[in-house]
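One letter stands for each residue in the lines below.
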Amino acid sequence: MIGVLALLLLISTVMAVQKFLQPDQMAQQVPVYKYKHQANIDYRVFILPNPFFDVESFDAGRGYITPLTNYISTTLKYQLTGEGPAMISGDYQVVAVLTGYIFKGDLSTTQRVKIPVWDKTFTLLPKTEFNSSDGNITLDKEVQVNIREYADFAQRVQEEYKSSSTQVELSVKYEINANVETPDGKSSNSISPTLVIPIDGNTYTVDGVLTDQKEGSIVVQEMVPVPSLKGMRIGFSLASVLLALALFFVVKKTKVKREDPLENELKRIIKKYGDRIVAGNGSIPGVDEKKTLVLGEFENLLKISDELLQPILYENVKDGVHNFYVISKQLHYRYTLEPGTVGQSEYVVKRFDE
């Protein structure tokens, strides 16, 4: 118990010292201005005049016929909203990337990977800058995508170079970069919604990420209090005091257990040879001191008991004095267990004259 308390006291003291040496404050990035910007792409497919369909365009979210498509009208709607006045600047552009792919992997499995073979970038809308001073900005821009033009380009590549691209895709990327600046600092962010259109074959669908949004913030470094440091200081200090008091009282009240070798020897004899010992009440009658042979070891008394086939008699003379006898017709044999006899390596045999 003393060892455990001492170890716990050492641990709690070390922890308390560490917590008191630890600085009360730490540097932390604290947001002082937050903003959110979002871009949405909407589209509508316009078709060529034809004898089969009497409509001019189709809504988003369906399949379309490539030879009937005149163009795809896309609308970029972008909005940046801050929580207060701020200087906003940035730019946006729209590019179309036409890419031919082949598939790598076994056709019998679904674990196939698209590998680009060639790509071509077209600028649909050159980089255009924007700015605002009130912390908000809104853009609404229409961009046309001539899908048949890109399909014709892919067809020419296939015919010219005998390319066997497994799939050709058109990715229309609306790239928007925004910078927000206040007296506290500056933050930059970008979003890029994208339309993905497969153009190999005579039909296609329009997929991709039509909505992209992000949140941003301007942060400053501030010194803030270390969480729970005060509580940990009090807790470890209190634990150290309580453990120190507990250790003091345990040490104060603890006494070394001193074993009585005489009692231990008596217990050993009774436990080991109890079935051969006969204990009586009071003194053993008929013991003549003149005919008594005193032995220095109990084991010698055992040998005599075995030779004479006599029991061993036990007499508690007084506290700390214990006699063991073997009675015969000629002699009485006695072993006395008393202070000074335990631990001796030799024994003394005293023989009294008859």
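Given the structure is predicted, the values throughout are model-derived calculations rather than measurements.

**Points about helix H1 (residues 2–21)**
In this model H1 runs 28 Å from its N-terminal to its C-terminal C-alpha over 20 residues, within 8% of the 28 Å that 1.5 Å per residue would give. Among the residues of H1, those classed as buried are Leu-5, Leu-9, Ser-12, Ala-16 and Lys-19. For H1, the buried positions fall inside an angular range of 95° around the axis, keeping them on one side. When the buried face of H1 is taken as reference, the exposed residues oriented beyond 90 degrees from it are Gly-3, Leu-10 and Leu-21. Next to the buried residues of H1 lie helix H3 (229–253).

**With respect to the side chain of Ser-240**
Within the element layout of this structure, Ser-240 appears in helix H3. At 3.4 Å, the side chain of Ser-240 and the backbone nitrogen of Thr-13 are in polar contact.

**Details of the pattern of salt bridges**
The tally for this structure, following the rule as stated, stands at six salt bridges. Ionic pairing is found between Glu-299 and Arg-268, a salt bridge with its closest N-O pair at 3.5 Å. Here Glu-299 is found in helix H5 (residues 298–308), whereas its partner Arg-268 is found in helix H4 (residues 261–273), with 31 residues between them in sequence. The exposure class of Glu-299 is partly exposed, given its relative accessible area of 31%. Judged by its relative accessible area of 32%, Arg-268 falls in the partly exposed class.

**Quick look at unusual backbone geometry**
At Ser-228, a position not held by glycine, the phi torsion is positive, near 65°. Its location among the elements puts Ser-228 in the loop between strand S13 (211–225) and H3. Backbone geometry at Leu-309 places phi at a positive 55°, although glycine is not the residue there. Mapped onto the secondary structure, Leu-309 falls in the loop between H5 and strand S16 (312–318). Classification of Leu-309 by relative accessible area gives exposed; the value is 72%.

Conventions we followed
- The residue count restarts for each chain, going from 1 along the sequence in the order it is written.
- Reporting of local features is limited, given that this is a predicted model, to residues whose pLDDT is at least 70; pairs of side-chain atoms are given and counted only at 80 or more, and all residues count toward the totals for whole chains, interfaces and linings.
- As a convention, hydrogens and water are excluded, and side-chain values are obtained from all of the structure's heavy atoms.
- To qualify as a helix, a DSSP run of H or I must reach at least 4 residues; to qualify as a strand, a run of E must reach at least 2; elements of each kind are numbered from the N terminus.
- Multiplying one less than the number of residues by 1.5 Å gives the expected span of a helix.
- Relative accessibility under 20% of the residue-type maximum defines a buried residue, over 50% an exposed one, and the middle range a partly exposed one, all with a 1.4 Å probe and only protein chains included.
- Relevant arc is that of directions from the helix axis to the C-beta atoms, nothing else.
- The contact criterion used throughout is that any non-hydrogen atoms of two residues lie within 4.5 Å.
- Two N or O atoms form a polar contact when they lie within 3.5 Å of each other; inside protein one atom must be a possible hydrogen donor and the other a possible acceptor, and for residues adjacent in sequence the pair counts only when both atoms belong to side chains.
- For salt bridges, the criterion is a side-chain nitrogen of Lys or Arg within 4 Å of an Asp or Glu carboxyl oxygen.

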